[in-house]
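# Residue-level structural notes
Residues per chain are reported as follows:
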Amino acid sequence: MYTLGIDIGSSSSKAVILKDGAELISSAVVQVGTGTSGPGRVMEDVFKDIDLKPEDIDFTVATGYGRFSVENADKQISEITCHAKGIYYLVPAARTIIDIGGQDAKAIQLDGKGNILKFVMNDKCAAGTGRFLDVMSRVLEVPLSEMGEAHFKADKWASVSSTCTVFAESEVISQLSKGLTKESIVAGVHQSVASKACSLVYRVGVVDDVVMCGGVAQNPGVVDAIEKELQQKITVAPNPQITGALGAALLAYEELIKKN
């Protein structure tokens, strides 16, 4: 049996196809999200180079901010549930999840069976999310793909104290005019993201193992800043951007089992 999980976020679209709830057949990520061509494109990409067609899929679960816009989905499930499912499948020792996406951040606490005990999401502000990093990247003229490298070259971390993305942009511009290095400001930006993410984690409680997912988990500078804030090692999930889609595909398989 083949199941499809599709996760439509604010800034990216992800899809995963599983066979019999265990074998990963295909995955795809498109770096644009809901309200764009992303959902359609990720559906095309996930079927590329495999001997399956959309009609071969037995059950589809959609998740994410744009889950209700996915045509032909058999069920919609919240991203909290799907991320928890995906992470627990990949890292069974996970008890605390940090998920930082394009425009939101979440902290989730699991029990030993993968059930959700608590979760907290950020407010509607983009500070502390991937969007915040994207804005800072443009201001600093440091590509997102190079911010992690710049982080580890910093002699010291600048202070980026503003809680608003717009004010933080002005703060960074001011720091540049004062001669602070881009590397130190990048590290300060990462510390700002870490501080906001960890404020959510503290609210649900820090329980080992701590696992990070979401697109921002691909930035080693942010991971380093969170580890320093929590004063402990964290695990980055394999393919951290697709954990929600993976969880959706796993839940789709469970739905099939219930029916049969």
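Analysis parameters
- Residues numbered from 1 in each chain as written.
- Predicted model: local features only at pLDDT ≥ 70, side-chain atom pairs only at ≥ 80, totals over all residues.
- Heavy atoms only, no water.
- Helix = DSSP H or I, 4+ residues; strand = E, 2+ residues; numbered from the N terminus.
- Rg over C-alpha atoms; globule rule 2.2 N^0.38 Å.
- Buried < 20%, exposed > 50% of the residue type's maximum accessible area, 1.4 Å probe, protein only.
- Contact = heavy atoms within 4.5 Å.
- Lys, Arg positive; Asp, Glu negative; His and termini not counted.
- Charge placed at Lys NZ, Arg CZ, Asp CG, Glu CD.
- Pairing = 2+ DSSP bridges.
- Core = buried A, V, L, I, M, F, W, Y, C linked by side-chain atoms within 4.5 Å.
- Phe/Tyr/Trp six-rings, centres within 6.5 Å; stacked < 30°, edge-to-face > 60°.
- Lys NZ or Arg CZ within 6 Å of the ring centre and 35° of its normal.
- Patch = residues over 30% accessible without salt bridge, like charges linked within 9 Å, V, L, I, M, F, W, Y side chains within 5 Å.
- Areas by Shrake-Rupley, 256 points an atom, 1.4 Å probe, with all protein chains shown as cover.
- Salt bridge = Lys/Arg side-chain N within 4 Å of Asp/Glu carboxyl O.
- Axes fitted to C-alpha atoms, helices over the stretch in contact; angles between N-to-C directions.
- Parallel < 35°, antiparallel > 145°, perpendicular 65-115°, else oblique.
- Left-handed = near helix turned anticlockwise from the far one by under 90°.
- Nonpolar A, V, L, I, M, F, W, Y, C, P; charged D, E, K, R; others polar.

### Thoughts on the overall build of the protein chain
- When its secondary structure is counted, the protein chain shows eight helices and ten strands.
- Computed over the C-alpha atoms, the radius of gyration of the protein chain is 19 Å, within 12% of the 18 Å expected from 2.2 N^0.38 for a compact globule of 260 residues.
- Evaluated residue by residue, the protein chain yields a buried proportion of 54% over its 260 residues.
- Counted over contacts in the protein chain with a minimum sequence separation of 6, partners at least 24 positions apart contribute 64%.
- The protein chain carries 25 positive and 32 negative side-chain charges, and their two centres are separated by 5 Å.

### Some thoughts on the environment of Val172
- When you line up the elements, Val172 lands in helix α5 (residues 165-177).
- The buried category is assigned to Val172, whose relative accessible area is 0%.
- On a C-alpha basis, the gap between Val172 and Met136 in space is 7.8 Å, while along the polypeptide they are 36 residues apart.
- Discounting residues that sit within four places of it in the chain, Val172 has contacts with Met136, Val139, Leu140, Ile185 and Val189.

### What about the pairing of strand β2 (residues 13-19)?
- The buried fraction of β2 is high, at six of seven residues.
- Alignment of strand β1 (residues 2-8) against β2, held across seven bridges, turns out to be antiparallel. Across the sheet, the residue bridging to Asp7 is Lys14, located in β2.
- What sits between β1 and β2 in their antiparallel hairpin is a turn of four residues.
- As defined by bridge partners, β2 adjoins strand β3 (residues 23-30) across seven bridges and the pair is classed as antiparallel. Among the inter-strand pairings, Leu18 is bridged to a residue of β3, identified as Leu24.
- What sits between the antiparallel neighbours β2 and β3 is a turn of three residues, in which Asp20 has the positive phi angle 55°.

### Observations regarding the nonpolar core
- Counting residues in each nonpolar core, the largest one holds 39 residues, and the members touching the most others are Ile98, Ile100, Val189, Met212, Ile226 and Leu230.
- Once residues lying within four places of it in the same chain are set aside, the contact partners of Val189 are Phe132, Leu133, Met136, Met147, Val160 and Val172.
- The next biggest cluster of nonpolar side chains, apart from the first, holds 16 residues, and it includes Leu4, Ile6, Ala15 and Phe47.

### Section: the packing of aromatic side chains
- Under the criterion given, the structure shown has zero aromatic pairs.
- Lying over the aromatic face of Phe132, Lys196 brings its terminal NZ or CZ to 6.0 Å of the ring centre.

### A short note on a nonpolar patch on the surface
- Together, Ile116, Phe119 and Met121 make up an exposed nonpolar region whose accessible area comes to about 250 Å².
- Inspection of the secondary structure assignment puts Met121 in strand β8 (residues 116-121).

### Looking at the packing of α5 against helix α6 (residues 182-204)
- Where α5 contacts α6, the axes come no closer than 10 Å and their chain directions differ by 155°. The pairing of α5 with α6 is recorded here as roughly antiparallel in orientation. Crossing geometry of α5 relative to α6 is assigned as right-handed. Contacts between α5 and α6 pair Val172, Gln175 and Leu176 from the former with Lys182, Ile185 and Val189 from the latter.
- Among the residues forming the contact of α5 with α6, the class breakdown is four nonpolar, one polar and one charged.

Any link to function would need more than the numbers given here.
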